[in-house]
Amino acid sequence: GVCLTEDYMKWRYINKPNNNYKILSYIEDDGVKGYLIYNKKIDYGTTIGYIMEIIASPNDNIVIDALINAAKIEMFNDGVTLLSGLSFNDNIFYKNYKANGFRKLPQIFFPHKSYFSVCNPMSKENLFEISSWHISWGNHDNV
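Predicted model, so just to flag it, every value in this text is computed and none were measured.

A. Expanded view of the sheet that holds strand S2 (residues 31–43). Spatial ordering of the open sheet is given by S1-S2-S3-S4, a layout of four strands whose pairing is mixed. Two strands close off the open sheet at either side, each with one partner strand: strand S1 (22–28) and strand S4 (82–85). Sheet twist, expressed as the average angle between the axes of neighbouring strands with direction ignored, equals 25°. Here S1 pairs with S2 via seven bridges, running antiparallel. Paired with tyrosine 26 across the bridge in S2 is glycine 34. Each of S1, S2 and strand S3 (46–56) is contacted by helix H1 (residues 6–14), which is oriented at about 170° to S3, the strand it contacts most. On top of the sheet, helix H2 (residues 61–77) reaches S1, S2, S3 and S4; it is set at about 30° to S2, its chief contact.

B. Focus on H2. Its 17 residues place the ends of H2 24 Å apart at the C-alpha level, agreeing with the 24 Å of an ideal helix rising 1.5 Å per residue. Of the residues making up H2, those classed as buried are Val63, Ile64, Leu67, Ile68, Ala71, Lys72 and Met75. Projected onto a plane normal to the axis of H2, the buried residues spread over an arc of 165° and lie on a single side. Of the residues in H2, the exposed ones pointing more than 90 degrees away from the buried face are Ile62, Ile73 and Asn77. Elements in contact with the buried residues of H2: S1, S2, S3, S4 and helix H3 (94–99). Immediately downstream of H2, the backbone of glycine 79 shows phi near 95°, a positive value.

C. Structural detail: the layout of surface pockets. Estimated volume of the second largest pocket: approximately 210 Å³. Contributing to the lining of the second largest pocket are Leu4, Thr5, Glu6, Met9, Lys10, Tyr13, Ile14, Ile23, Tyr35, Ile37 and Ile55. Taken together, the elements giving at least two residues each to the lining of the second largest pocket come down to H1 and S2. Ranked by residue count, the leading element in the lining of the second largest pocket is H1, at five residues.

D. Main features of the side chain of glutamate 53. Position of glutamate 53 among the secondary structure elements: in strand S3. A polar contact is formed between the side chain of glutamate 53 and the side chain of tyrosine 13, at a distance of 2.8 Å.

E. Seen up close, the nonpolar core. Counting 18 residues, the largest nonpolar core has Leu36, Ile51, Ile54, Ile68, Met75 and Tyr97 as its most contacted members. Going through the elements one at a time, S1, S2, S3 and H2 are the ones with two or more residues in this core. By residue number, the principal contributor to this core is H2, which donates six residues. Counting residues in each nonpolar core, the second largest holds eight residues, with Ile37, Ile48, Tyr50 and Met52 among its members.

F. Quick look at the environment of glutamate 53. Classification of glutamate 53 by relative accessible area gives buried; the value is 4%. Considering only alpha carbons, one finds glutamate 53 and isoleucine 23, 30 residues apart in sequence, at a separation of 9.4 Å.

About the thresholds
- Counting from 1, residues in each chain are numbered in the order their sequence is written.
- Only residues with pLDDT of at least 70 are given local features in this predicted model, and only at 80 or more are side-chain atom pairs given and counted; all residues enter the totals for whole chains, interfaces and linings.
- Values shown for side chains rest on all heavy atoms present in the structure; no hydrogens or waters enter the calculation.
- Note on pairing: two strands pair once DSSP finds at least 2 bridges between them.
- For helices the rule is a DSSP run of H or I covering at least 4 residues; for strands it is a run of E covering at least 2, with both sets numbered from the N terminus onward.
- In this description, a line fitted to the C-alpha atoms serves as the axis of each element, helices being fitted only across the stretch in contact, and the angle between N-to-C directions of two axes falls anywhere from 0 to 180 degrees.
- What makes two residues a contact is simply this: any of their non-hydrogen atoms within 4.5 Å.
- Multiply 1.5 Å by the residue count of a helix minus one, and that product is the helix's expected span.
- Only protein chains enter the area calculation, which uses a 1.4 Å probe; residues under 20% of their type maximum are buried, those over 50% are exposed, and those in between are partly exposed.
- Along the arc lie the directions from the helix axis toward the C-beta atoms.
- For cavity detection a 1 Å grid was placed over the protein atoms alone, and a set of points counts as a cavity when a 1.4 Å probe fits there but cannot get out; an open set counts as a pocket when protein lies on both sides within 12 Å along at least five of seven lines, with lining residues being those that have an atom within 4 Å of a point.
- Grid points are joined across faces, edges and corners, and a volume is the space filled by probe spheres set on the points.
- By the criterion applied in these results, polar contacts are pairs of N or O atoms within 3.5 Å in which, for protein atoms, one can donate a hydrogen and the other can accept it, and in which residues neighboring in sequence qualify only through two side-chain atoms.
- Residues belong to one nonpolar core when they are buried, are Ala, Val, Leu, Ile, Met, Phe, Trp, Tyr or Cys, and are joined through side-chain atoms within 4.5 Å.

Have a look at this one:
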């Protein structure tokens, strides 16, 4: 996994050559309560928007929902016809995606599958709970 440190986030989304990421901030009482990072590109003949990261307290539905809705409005106003956010049932933002109009795509629409594994070399048992992980689009645009 990747720790979303300030240095990593700057490297990944701000200082990257040919940067085309947009960063939305939710500001309240002169403080930032959350971020949403997105981009758009033309894939498969249509303009697709990708929510790359949501960084907010998973318990603050007002902030998360506001960020998702602001991203939807900005992207659709910018010509996006399909919007994607990677999530799964146990994801910390799954309920927010569902509440804001996102739906699961049937498997037939997936062009490929991504696989990864997790291993703790110090332990003979390498069990982990998928519900304790947060997986986002973060590194899916490197091709």
